[in-house]
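# Coordinate inspection notes
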Amino acid sequence: MTIPGILDNHIGGSEVAAVGGERIEKFDPHSGALQSRIARSGAADVDAAVQAARAAQPGWAAVPAVQRGQILHRIANLMEARAEELGAVVAGETGKSRKEGMGEVGAAVQCARFFAGEGQRLFGRTIPSGTPGKLNLTVRTPAGVAGLIIAANTPIANVAWKLFPALICGNGVVLKAAEDTPFTASWTARAALEAGLPPGVFNVVHGLGAEAGEPLVTHDLVDVVSFTGSTRVGRRLAELAGARLKKISLELGGKNPLVVMDDADLDKAVRWAVLSAFSNAGQRCAAGSRIILHAPIYDAFVEKFVAATAALKLGNGDGDDLGPVINARQLGNMLAAIDAAKGRGARLLSGGSRLADQDHAGGYYLAPTILDQVDPADEISRTELFGPVTCLYRVEGFDQAVELANAGPYGLTACIHTRSVDRGLLFCERVRAGVTVINAGTHGSEAHMPFGGRGLSGNGSREPGTEALDVYSELKNIALNADPAQT
Ligand code: NAD
């Protein structure tokens, strides 16, 4: 069965129920039906997982990085050979299509292969010394035990982006999966074991954030924390980590601008705007949730954009364009935010309600929503909703477009559509974002590129890419001194 009726933790290579014996009910986003009951872990479960990781880590670190890479390749091979099965797990727990689930598996395999190769390139530096006969160099050493906490939106990609760099650096790992997408993480842990990863190196605990996530961050034997999730929770975890002087990498939210200038290829801009705003039901940190339009093309863009949005098909089939949002709480939050914005004067151009027809009524389906006549200072312009909701803004010129793109507390991704090289490059230079794009979408990076943001989008770290190695390893400086008297 793709999605088991009961799911336990994966600790020390075994499936174990939570110490307290409690479980959380997990619902199918597509139908709203009860899907499974997962372990509700607490501090004792986290402690068991961390102890397992701590015990296994020295043995794993002693395996040369090149050979660690071979094991990562074997995990990738298994993921590839069973892509249909893993894709179905991703689809089943998120409500997205199998095709999308498979696409995510492909991206995760690429990530595994990239970091497997990094085992052959775990480079340090040689640094010239001012002292005669002294050779100075740096090497990467494992951080120790890595505590990973992830969001639900792209389950296997989120696992891969953190797990593989953590493993190649020689760490033991404890992953707190998102409570809405626990199955992919457990699937990966079992596959990793089968591929030859020693038991205990990769452990998965399930449960709620405050109960199973916080104890991972505060555990004395966890050396580094990497978190992907909301800015609200990220701030809390940064406080907990900071009080312990613990290294933490934060990949947080976004309110990403997509600018369309008067010289843009309008049809192309509309295509990318639809994908940016609504793919994965808008549940992407990089979603294009603020579309900034140059006045001369405003009306023409709106007409095409509303028409393209109306043509989108919602469902979990391969022919559908987007699925449901992840849970009933998120759906309720979004509907409330849309209604409140309308109450403050926003104009609804499309969507704005839950789908009520027979095929969708049980699931958490929100019609793709477009609003305009929204003040840039309004709450809906400044708050990430993490769903298929986007707002349109009118600007008179390039400078105003950049100013508006830079308004607000986030700085993750930004995109401009223009045929002018000058406008494109100047936009990338001036916009306050970690990832900038010309003539495509506000889309994320590939596995070998650094991703991350400014402001409330993160705390300065970048994952994945080779930059992720800096999160999961500690540099050690080694000085070798040649003594002429000994020759
Ligand atoms: P969330 O912050 O509510 O939850 C994310 C994870 O943190 C879950 O596993 C959850 O159980 C855990 N968690 C919640 N409270 C916790 C606590 N007090 N202590 C420890 N762990 C806790 O976020 P969400 O709504 O599930 O995910 C959406 C958010 O993730 C959005 O803000 C989105 O932008 C962000 N995101 C960022 C990136 C990125 O790379 N920057 C990628 C994907 C998602």
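Summary of the structure given here.

What counts, and where the lines are drawn
Residues numbered from 1 in each chain as written. Predicted model: local features only at pLDDT ≥ 70, side-chain atom pairs only at ≥ 80, totals over all residues. Heavy atoms only, no water. Axes fitted to C-alpha atoms, helices over the stretch in contact; angles between N-to-C directions. Helix = DSSP H or I, 4+ residues; strand = E, 2+ residues; numbered from the N terminus. Parallel < 35°, antiparallel > 145°, perpendicular 65-115°, else oblique. Left-handed = near helix turned anticlockwise from the far one by under 90°. Contact = heavy atoms within 4.5 Å. Nonpolar A, V, L, I, M, F, W, Y, C, P; charged D, E, K, R; others polar. Near = heavy atom within 4 Å. Polar contact = N/O pair within 3.5 Å; in protein donor to acceptor, adjacent residues only side chain to side chain. Areas by Shrake-Rupley, 256 points an atom, 1.4 Å probe, with all protein chains shown as cover. Phe/Tyr/Trp six-rings, centres within 6.5 Å; stacked < 30°, edge-to-face > 60°. Buried < 20%, exposed > 50% of the residue type's maximum accessible area, 1.4 Å probe, protein only. Lys NZ or Arg CZ within 6 Å of the ring centre and 35° of its normal.

Each pair of packed helices gets described by two things: the angle between the helix axes and the distance between those axes. For the pair helix α2 (residues 65–81) and helix α5 (residues 155–168), the least separation of the axes is 10 Å and the interaxial angle reads 160 degrees. In terms of orientation, α2 lies roughly antiparallel with respect to α5. Considering how the two elements wind past one another, α2 and α5 form a crossing that is right-handed. Together, A65, R68, G69, L72, I75 and M79 of α2 and I156, F164, L167 and I168 of α5 make up the contact between the two elements. Considering only residue class, the contact of α2 with α5 consists of eight nonpolar, one polar and one charged.

With that settled, the discussion passes to the site of the ligand. The local shell around the ligand holds 27 residues, among which I150, K176, E179, S230 and E384 are the closest. Contact distances for the ligand include 3.3 Å between a nitrogen atom and a backbone N or O atom of G209. E384 places a side-chain nitrogen or oxygen 2.5 Å from an oxygen atom of the ligand. Expressed as a share of its isolated accessible area of 850 Å², the protein-covered part of the ligand is 88%. At the level of elements, α7 (209–218), β11 (224–228) and α8 (231–243) are the ones that each hand at least two residues to the shell around the ligand. The element best represented in the shell around the ligand is α7, accounting for four residues. Its residues placed into classes, the shell around the ligand shows 14 nonpolar, eight polar and five charged.

This part takes up the packing of aromatic side chains. Taken as a whole and judged by the stated rule, the model has four aromatic pairs. Judged by centre distance (5.3 Å) and plane angle (35 degrees), the rings of F301 and F305 are tilted. Separated by four residues within a single helix, F301 and F305 lie in helix α10 (residues 298–310), roughly one turn from each other. Here the two residues F301 and F305 agree in accessibility, since each one is buried. Ring pairs connect the aromatic residues F278, F301 and F305, which therefore count as one cluster. When the ring centre of Y298 is taken as origin, the NZ or CZ atom of R394, which lies over that ring, is 4.1 Å away.

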